[in-house]
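# Coordinate analysis (summary)
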Protein chains: 2
Amino acid sequence: MRVMGIDPGLTRCGVGIVEGTVGRACTLVGVGVARTSSDDPLPTRLCDLDSQLSQYVDRYRPEAVAVERVFSQHNTASVIGTAQASAVAILIGAKADVPVTTYTPSEAKAAITGFGGADKKQMTAMVTRLLRLDTPPKPADAADALALAICHVWRGHASHRLAQAAARRNGTRTGRSGA
Amino acid sequence: MRVMGIDPGLTRCGVGIVEGTVGRACTLVGVGVARTSSDDPLPTRLCDLDSQLSQYVDRYRPEAVAVERVFSQHNTASVIGTAQASAVAILIGAKADVPVTTYTPSEAKAAITGFGGADKKQMTAMVTRLLRLDTPPKPADAADALALAICHVWRGHASHRLAQAAARRNGTRTGRSGA
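Rules and cut-offs
Residues numbered from 1 in each chain as written. Chains lettered and ligands numbered in written order. Predicted model: local features only at pLDDT ≥ 70, side-chain atom pairs only at ≥ 80, totals over all residues. Heavy atoms only, no water. Buried < 20%, exposed > 50% of the residue type's maximum accessible area, 1.4 Å probe, protein only. Helix = DSSP H or I, 4+ residues; strand = E, 2+ residues; numbered from the N terminus. Contact = heavy atoms within 4.5 Å. Polar contact = N/O pair within 3.5 Å; in protein donor to acceptor, adjacent residues only side chain to side chain. Core = buried A, V, L, I, M, F, W, Y, C linked by side-chain atoms within 4.5 Å. Salt bridge = Lys/Arg side-chain N within 4 Å of Asp/Glu carboxyl O. Pairing = 2+ DSSP bridges. Axes fitted to C-alpha atoms, helices over the stretch in contact; angles between N-to-C directions.

## Some words on helix H4 (residues 120-130) of chain A
A turn of α-helix holds 3.6 residues, and therefore any two residues three or four places apart point the same way. All names here are of chain A. The set of residues buried in H4 consists of Met123, Thr124, Val127, Thr128 and Leu130. Those residues of H4 that are buried are in contact with helix H3 (105-113) and helix H5 (143-155). Structurally, the start of H4 carries an N-cap: the backbone nitrogen of Lys121 is 3.2 Å from a side-chain oxygen of Asp119. Arg132 lies just past H4 and shows a positive phi near 55°.

## Topic: the nonpolar core
Ranked by internal contacts, the top residues of the largest apolar core, which has 54 residues, are Met4, Leu46 and Leu53 of chain A together with Met4, Leu46 and Leu53 of chain B. What Leu53 of chain A contacts, discounting residues up to four positions off in sequence, is Cys13, Val15, Ala34, Val88, Ala89 and Ile92 of chain A. Cys26, Ala64, Ala111 and Leu148 of chain B belong to the second largest nonpolar core, which has 22 residues in total.

## Description of the pattern of salt bridges
Residue and element names in this part refer to chain B. Within this structure, the stated rule accounts for eight salt bridges over all chains. For Asp141, the salt bridge is made with Arg12, and the minimal N-O distance between the two is 2.4 Å. In this pair, Asp141 sits in the loop between helix H4 (120-130) and helix H5 (143-155) while Arg12 sits in strand S2 (residues 12-19), placing the two residues 129 residues apart along the sequence. Residue classification places Asp141 among the partly exposed positions, given a relative accessible area of 25%. By relative accessible area, which is 36% here, Arg12 ends up partly exposed. A salt bridge links Asp144 to Lys120, with the nearest nitrogen and oxygen atoms 2.9 Å apart. Of the two residues, Asp144 is situated in helix H5 and Lys120 in helix H4; the sequence distance between them amounts to 24 residues.

## Digging into the sheet that holds strand S4 (residues 64-68) of chain A
Residue and element names in this part refer to chain A. Pairing in this open sheet of five strands is mixed, and the strands run S3-S2-S1-S4-S5 from one edge to the other. Edge positions in the sheet fall to strand S3 (27-35) and strand S5 (100-103), since each of these pairs with one other strand and no more. Taken over all neighbouring pairs, the strand axes of this sheet differ in orientation by 20° on average, direction set aside. Bridge count for strand S1 (residues 2-7) against S4 is four bridges, and the pairing is parallel. Its bridge partner lying in S4, Gly5 is registered against Ala66. Helix H1 (residues 42-60) rests against S1, strand S2 (12-19) and S3 of the sheet, and its axis sits at about 165° to S3.

Shown next, in the form of structure tokens:
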């Protein structure tokens, strides 16, 4: 399955697309960062982010979207922008009828490194190894997005199928997700 | 001008539409509350909110949208949901080429009651009086949304025209707004 991982942020929003199945190595399909300018008013920034992320979805046509779940424990100065960016990301997937799942940073870290407290360097190293890349993925911001996508392939496949079944049953468009 | 005020919330999102010009009384055009179920996963809730708010915009065709600005001082347990709901609201206006402005609760209160620390009862009483209603607007949740709309008519008219001029100059689609 093809999964798009999104590490939400208003200034920099990591995007990573991988393909894989449970028990097999994932392959890198695409990677990038959506950026908006802090000089622009918020409506312009949200529109810009919506437009850029929509282009990734149109180009790569993922079967599932995995978005990092926003927590109030985050830096309170940036949590509002992060939450707003995550809403844009989640809405794009949901409106495109693609199941959206949210994962905590710990869930993604544990899935990739076996350790929920892994640091950025460890995460990047494992993403590089798991995708069998010669060099760490660039831009570096996108490593977390790739980790979310890999996490979903490995962890979320069962819940994705459950979500699809539930969606068919309920006639709804979206997958499992926490707040 | 016709202004739609939106008091963002994931469970209850107040919507109020008024018409008026600076120095004249505003009139009530429409009022309501968009609701989503806390039992539903977040992608479903954001989609539901998007759909309901879009219907208000389609029905009332506001010339401007005024959204309450989300602060980190808010209850941290609910601030993420409020920020996500505000992103949905702002994006709907911006994507519909309607200028979006954000106001702090204090700005709205000061514009309506002359006092930035006014309580909910005072705000509802003033909104009722300013719109020359016989009884307080229902649902009560929407009083804050109406206050935002009135605030924009009175405070924001100049900035709205500036935003329109800037939008024409820059070829952008959105109005002034803070984070």
